[in-house]
Every structure is written in structure tokens, then in C-alpha cells.
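# Results of the structural survey
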Amino acid sequence: MAKKMDNEYDYLFKIVLIGDSGVGKSNILSRFTRNDFCLESKSTIGVEFATRTLQVNDRTIKAQIWDTAGQERYRAITSAYYRGAVGALLVYDITKKQTFDNVQRWLGELRGHADSNIVIMMAGNKCDLKQLRAVSEEEGQELAEKEGLSFLETSALEAINVEKAFGTILGEIYHIVSKKALAAQETAAAAGPPSQGTTINVSDSTGTKKSCCSN
Amino acid sequence: MQFAMLRWVVQIIEVAGGRWTIWYEDVGRWNAFAVIGFTAIAGLALLGTLIVTTSRRGGLKSPWSQRRRKKSLLLRQWKNLFTSDGKLRDSVTFLKNVRSGGVDHDIRHEVWPFLLGIYDLNSSDVERNRIGKQKRKEYKNLRKKCRNFFKAGDINGVKIKDAVIGSRESNDGCISFMPENELEAKQSISIEGEQSDDPEKLLLDSDIGIVEKENSDITHVDTKSLDSDSEEEFPVIYTPTVEETELQNVKISHKRDSSKIAEDFTIWQRIIRLDAIRANGEWITYSPSQAAISEGIAYKHAEEVGLKDYKHLQPCRIFHAARLVAVLEAYTVYDSEIGYCQGMSDLLAPIISVMEEDHEAFWCFVGFMSKARHNFRLDEVGIQRQLKIVSRIIKFKDAHLYNHLEMLQAQDCFFVYRMVVVLFRRELTFAQTLTMWEAMWADQAAIRAGIGKSWGLIRLRAPPTEDLLLYAIAASVLQKRKTIIERSISMDEIISECNSMAGQLDEWKLLDDAYDLVVRFHHKIS
């Protein structure tokens, strides 16, 4: 398949990156979208976003990833961006126990502001810092199972599992969407996915057409 | 023929200048008339363009236009501005010069305390010496308080009983630091800020629909308790009960402000250290003495403030980070309503690099924050007000662009959020930022000192404004109008576009454009 232009895609999935300040959200984003890591990455003020287009099951998916400020103070602004998100990567720092303890609060935020069907993955970041580990992988796994989340330990610095984390989220969203699309097809004999891209809402089986990407 | 044409042009100028004289001239021959007529029409069109360009600025040229821009204030000029007893002989010239050309980096450390209100523009050497000593002592006591708070906070959390609120600005708007004998010991943590009588201080924009108190809502620690020599008097630290410990930390409540601070000193302490070690080294080339700091001194400072995870940094960066922590922590105690919010370190870092003494950096930061603190308020009133101003400027200037933004549901201008919060710090380089801030501070200093009204024509057409930066921010968006409209980018992409302005902006062009907007719309905005 020829490489598609940035605005040519089958699906647009909006994903939010959340978690405490300093857990490495912005670097996870830059690793995934630009294969870049910056030790001096500054705090995120409000929200920023980046995109990456990739292939999942022969479909072109544009992942629009919203990086949010971690500090409580910015919560009102950042939570507005949960709207329309179909996936979330909830990040904690394996060397800072408190960031793991706050996972529950972040889940509460998602439950309060995001779609109830949002696909959530929890990521224990900075797993390269083994000697400073304060949260074991088992603890992470246990919490993920209890909360019904996918889970991976990641390192944005060493590019460990970052691709896999987003790949898992996107795959899962695509799976849900295609199942819903199939069901919709069966009932309405609908045509294939629109050529100009579809923004997916996990609670909406048909998706909404993205009007801004027509050129 | 040439003579006739000249007369034509002269008369056209007269017409264009509003003097409606009869301009008919018999040149004898119709063909010549036709040629001249054609030339005249072309000339008129050109003049019309010139007139429109001039009149939209009310005949004033921007102090930031390439032609009129002053050179930055130099040491020699700066010294010449003072009388023998060390008083500024001409505040107006001083502020106009700073506003238009900025300050030479070598004298910034001397100039900024005036711009930021630590020193009154009319102060003498003697007064400044006295204030300097007092400020040093107050800062020292704030740090002492920090050490005690945070030592305890590390373990159990802290309860502050003696944080007291007071108005930090006097009626003339100059930052005043209450003398010890005027302070009363208070045992309260409620806000009892004084209401300013000055209408300028109460920014009320009924059209915008938001009333924001610009002053007198600073929560800061009673400086008398700080000045006390008795260690027993402060801080009051106690061992929390189990329940309180489970609550993590004690929240500070405010009598007047219904919004609770959901954050506390322990969180601020942690985030401050996090942000301090990731401050970039852009300042290094501008501050050779701090860049050359020895490893020993850097580590000593780092240990004193309990810096963490800094071993990977070079000594000057460790030193810089430690200073950031010291000053930001002191600020959380001084203004516990704001405490610490991410982005504040962006505002402090340039000050730290210019002011070599921590207490000077701290009070300059306090001066800066007297306006900028509203960007970090928990209730977001300050930020909403500013976004609305940017939105209104765009609406007045470019209805087409505004309609386009409305269509995208982006007329709230949230896409300039970061620019507003950290005052262009993320979009401009270190040097550009300082120039921009100095222009803004000069305007604010002129307003504070009430001298904006004596700026001649500027008073009528483009008075100094508290919101200069917002006009510059609107200008930066207007510079992108083509991309926004023609490429039909979405609301999300506008955010991306704004966030990627970094390194692409010209600070003088922004100020020049901002000037145009101030001239045209300041009376509608403020």
C-alpha cells in the first residue's frame, strides 16, 4: 500500500495521556510520534498534542495523542480534553510510589469526564531505572487486573514497550470499532469505511465524519 | 508639464490632508490632462494607502517599528539618568526607553528592581539601601520558615497556623513591603486582603463579564512573625493525627475565596524540585559568573534545599536548580493562595539568571507575580479574562478570522492558553522573552507610578497597558490568519500551530503589531 498522506486515513482515534507530573508523559509521546527523548522536557502547560499514522489490520489509523499537564491545578482544563477520547494511557513512574498511589484518582477523573467505554492502558514508566524501583511489576499487574486495565512497564528513554503500549490500545479500539462496524453493516448493509477518515467514538458504532480533513 | 504635475500632487496632498481645495488646473491640452489625470489617480491611490496606514495608528508611529525603535538602555545612559542623591531624574524617559528598546543585559540586574516595583521610581540611594536590607532580612526569614515547614512536611505533613494575609500593594500600586512596626501579629489563615481604593486596581470589564481583582488578594505570610528573632514564634509545626496524616496534608482554607486549595505544600515541594532539575540551560551564555560556579558550591546549594535526582546535571545547572527551589519555595510561603503551579519556574528562571542574589531574585519575582499570579489561580478567573481579551482583540481586528474561529468553535482562544500562562516564555528565545517582558514591565511600571498619563500623544492614542502581552499574543495569532483560514485547519490543529510557533517569532514585529492593536482597540478593551 502506498504511503498515505497525513490527512488520509481510515480512522482517527483520539487518545489522552494522563498521570502525575514528571512521570514521563511528554517523553512517551515524543518517543512514539518522533522517536525522540528529551531529558530536559519541560512541564506541559495545559494540553499539547501530536499525531502518528500507522497501519492496523490493513487500515490506516491516525492516532491523535493529547498530552496533558499533570498538576492538579490544570485538571479543569485537561479534563475537557477527555471528551471524545477513545483511549487513555495512564502513566505512573515506577520509581515514585506516590504516582502509583494516585492511579486511582486518575481513574476517577476518567470515569468522571471520559466516555465510559474508553480503552485504558496503565503504563509503569521509567522501567530502565531498575535500581530506583519503588513499585514492583507485580503490584502494577495486580492493580491493572483489579481495575480491568491493560498493563505494561515502559521506558521512554530506552524505547521499551512504548510502541507496544500504543499498539495495544489502538488495536483494542480498532477491534471494538470493527466489531461495531460489522454489526452495523449487518443491520444496515452499510458501505465500507469512508475514504476521508472517520473519527471514532467508542460509544457510537457509526462514527462521525471529520469535516476538517477534506483537503 | 513637470510643474503642473507637481502642483497636482501638492493639491492631491491637500485634498488627502482634508483640506478640500479646488484642484482643477488648466493645463491647456486634453491629452496632457489625461496623462496627468491618470498619474494623479495612481498617486492618489498610493497616498490613500499611506493615509489609511497612518490614520489607523492615529498618526503615531510605533515605538517598536524598525525606524523608531530605540537601542537598548546602556550603562552610560542609565548612570546619567540619576541625580547626585541617586534619584531617577526622568522616569518618563527611562520607561519610554526601556519600553521601546529594552535593557542592555549587563545592567538588567540594576534596572529590573525598578521595573518590578521593588524600588520606587522616585527613591533615593539611601531609601533603596534601607529597602534592600529589609528585603534581604525578610527573604532570609521566609527561607527559614520554608526549611522548617518542609523538613516537617517531608515526614508528616504540615499545618500552618500563622500564615497571615495582607495587601501587598500600596495604593499607588508600587509594591510596598510593610515595615515591621506597622505589622500586627495575626493568628489566622484566612484572607483579609485590603480592598484597594484605586479603581485602576480593580479591573472591571462588564462587557467581558468577568470581574477580577488584580490586587489585594495575595495570601502572604505576616512579615512580623517572620522578622521575629524568636524561633518559638514560628513556624507552628505539630504532629498530625493519624486521620490527618491519611489526608496527606493540611489544606489551607480561605475565608473569602470559596475555592479550596486542593494542593498543599508537600505537593508543591515535590513539583518544584521536579521542574527545577528540568529547567533548561538557555540562560548559561547570558550569565557567565553563574555558569562558572564550582561543583562544590553547586552541591552545597543543592543539599541545602534538598534537591533530588540532579547528579546528571553540570554544576551550573545544579546551582540554578537549587536557586529555583529556594525562591519558589519561599514564594509558596509568601503567597500560599497560589503556592506553586507549573509554569512559574519558567517565569522565575530568567530572573534567577539575571539577579545573582536570591533575595533580589525573590522580590523581583514577587513583583512580576503581582500581575502574573492571576494566570495560576485555581479558579481560573485570571486566565479566562485574558483569553477573552485576546478573543475580543481578534474579533475587532479581523471579523473574518473571528467568524472562522467561531465556526471551529475556537473563538474562546484556548489555543493561546500556554502563551498567556507563561507569557510567551515557551515561544520566544531567552533574549526575545526578556525584551518582551521588559516592554510589558515598563508599561506596568508607568501605570503603577501614574506617569502613563504624561506620555504626550501616547496618552491619547496608545497609553501604556497592563495587557500589552495580550495584544502581542493576538498579533501572533493574526500573523497566522492565512494558515488558519486558507488551510481550513481544525481547532486541534490551531493548538498545534500555536504550540509550534517556538523559534519562529520576531519579538519586535510582535510588539509593532501589538502597538497597532493597542492604538485601535485599547479603548474598547479596557
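Residues numbered from 1 in each chain as written. Chains lettered and ligands numbered in written order. Predicted model: local features only at pLDDT ≥ 70, side-chain atom pairs only at ≥ 80, totals over all residues. Heavy atoms only, no water.

- The name given to chain B in an unreviewed UniProt entry is GTPase activating-like protein, with the source organism recorded as Zostera marina.

- Quoted verbatim from the Subcellular location (unreviewed entry) field of UniProt, the annotation for chain A is "Endomembrane system".
- According to the UniProt record, the Sequence similarities (unreviewed entry) comment for chain A is "Belongs to the small GTPase superfamily. Rab family." (UniProt positions renumbered as here; feature names shortened; annotations may be inferred.)

## As for the packing of aromatic side chains
- This model, assessed by the stated rule, comprises 28 aromatic pairs over all chains.
- A ring pair is formed by Phe368(B) and Trp441(B), whose centres lie 5.1 Å apart and whose planes are at 80°; its orientation type is edge-to-face. With Phe368(B) in helix H14 (residues 358-372) and Trp441(B) in helix H18 (residues 430-448), the pair connects residues that are 73 residues apart, well separated along the chain. For the residue pair Phe368(B) and Trp441(B), the accessibility class agrees, reading buried in each case.
- Members of the aromatic cluster, connected to one another through ring pairs, are Phe49(A), Trp66(A), Tyr74(A), Tyr81(A), Phe414(B) and Tyr417(B).
- In this arrangement the basic side chain of Arg75(A) is found over the ring face of Trp106(A), its NZ or CZ atom lying 4.0 Å from the centre. (Phe/Tyr/Trp six-rings, centres within 6.5 Å; stacked < 30°, edge-to-face > 60°. Helix = DSSP H or I, 4+ residues; strand = E, 2+ residues; numbered from the N terminus. Buried < 20%, exposed > 50% of the residue type's maximum accessible area, 1.4 Å probe, protein only. Lys NZ or Arg CZ within 6 Å of the ring centre and 35° of its normal.)

## Remarks on the interface of chain B and chain A
- Listed as interface residues are 36 residues of chain B and, on the opposing side, 28 residues of chain A.
- Summed over both sides, the interface of chain B with chain A buries roughly 3000 Å², with 49% coming from carbon and sulfur.
- On inspection of chain B and its partner chain A, the count reaches four salt bridges.
- At the level of elements, helix H9 (265-277), helix H17 (417-421) and helix H22 (491-499) of chain B are the ones that each hand at least two residues to the side of chain B that touches chain A.
- The class makeup of the residues in the side of chain B that touches chain A is 14 nonpolar, nine polar and 13 charged. (Contact = heavy atoms within 4.5 Å. Buried area = accessible area lost by both parts, 1.4 Å probe. Salt bridge = Lys/Arg side-chain N within 4 Å of Asp/Glu carboxyl O. Nonpolar A, V, L, I, M, F, W, Y, C, P; charged D, E, K, R; others polar.)

## Things to note about the nonpolar core
- Counting 170 residues, the largest nonpolar core has Phe94(B) and Val416(B) as its most contacted members.
- Setting aside residues up to four positions removed in sequence, Val416(B) forms contacts with Leu387(B), Val390(B), Ile473(B), Val477(B) and Cys498(B).
- By size, the runner-up hydrophobic cluster in this structure holds 30 residues, among which are Leu17(A), Val91(A), Leu152(A) and Ile173(A). (Core = buried A, V, L, I, M, F, W, Y, C linked by side-chain atoms within 4.5 Å.)

## Thoughts on the packing of H9(B) against helix H12 (residues 315-334) of chain B
Residue and element names in this part refer to chain B.
- Running from amino to carboxyl end, H9 crosses H12 at an angle of 155°, the nearest separation of the two axes being 9 Å. With respect to H12, the element H9 is oriented roughly antiparallel. Handedness of the crossing formed by H9 with H12: right-handed. Residues Phe-265, Trp-268, Gln-269, Ile-272, Arg-273, Ala-276 and Ile-277 of H9 form the contact with H12, whose participating residues are Ala-321, Leu-324, Val-325, Leu-328, Glu-329, Thr-332 and Val-333.
- A class-by-class count of the residues in the contact of H9 with H12 yields ten nonpolar, two polar and two charged. (Axes fitted to C-alpha atoms, helices over the stretch in contact; angles between N-to-C directions. Parallel < 35°, antiparallel > 145°, perpendicular 65-115°, else oblique. Left-handed = near helix turned anticlockwise from the far one by under 90°.)

## Thoughts on the state of the cysteines
All names here are of chain B.
- A complete count under the given rule lists zero disulfides over all chains for this structure.
- The thiol sulfur of Cys-146 is not disulfide-bonded, and the nearest other cysteine sulfur, from Cys-341, lies at 18 Å.
- By relative accessible area, which is 0% here, Cys-146 ends up buried.
- The exposure class assigned to Cys-341 is buried, which follows from its relative accessible area of 1%. (Disulfide = S-S within 2.5 Å.)

## Some words on the side chain of His320(B)
Residue and element names in this part refer to chain B.
- Structurally, His-320 is set in helix H12.
- By relative accessible area, His-320 is classed as buried at 1%.
- Here Trp-283 takes part through its side chain, which lies 3.5 Å from a polar atom of the side chain of His-320.
- Excluding residues that lie within four positions of it along the chain, His-320 makes contacts with Ala-279, Trp-283, Ala-349 and Ile-352. (Polar contact = N/O pair within 3.5 Å; in protein donor to acceptor, adjacent residues only side chain to side chain.)

## Description of the pattern of salt bridges
- In the structure shown here, the tally under the stated rule is 35 salt bridges over all chains.
- Between Glu304(B) and Lys300(B) there is a salt bridge, with the nearest N and O atoms lying 3.3 Å from each other. In this pair, Glu304(B) and Lys300(B) are both assigned in helix H11 (residues 295-304), four residues apart and thus about one turn of the helix distant.
- Arg377(B) is the salt-bridge partner of Asp379(B), the closest N and O atoms lying 3.1 Å from each other.
- Relative accessible area serves as the criterion here: at 13%, Arg377(B) is assigned to the buried category.
- Residues joined in a network through salt bridges with shared partners are Glu72(A), Arg75(A), Arg105(A) and Glu109(A).

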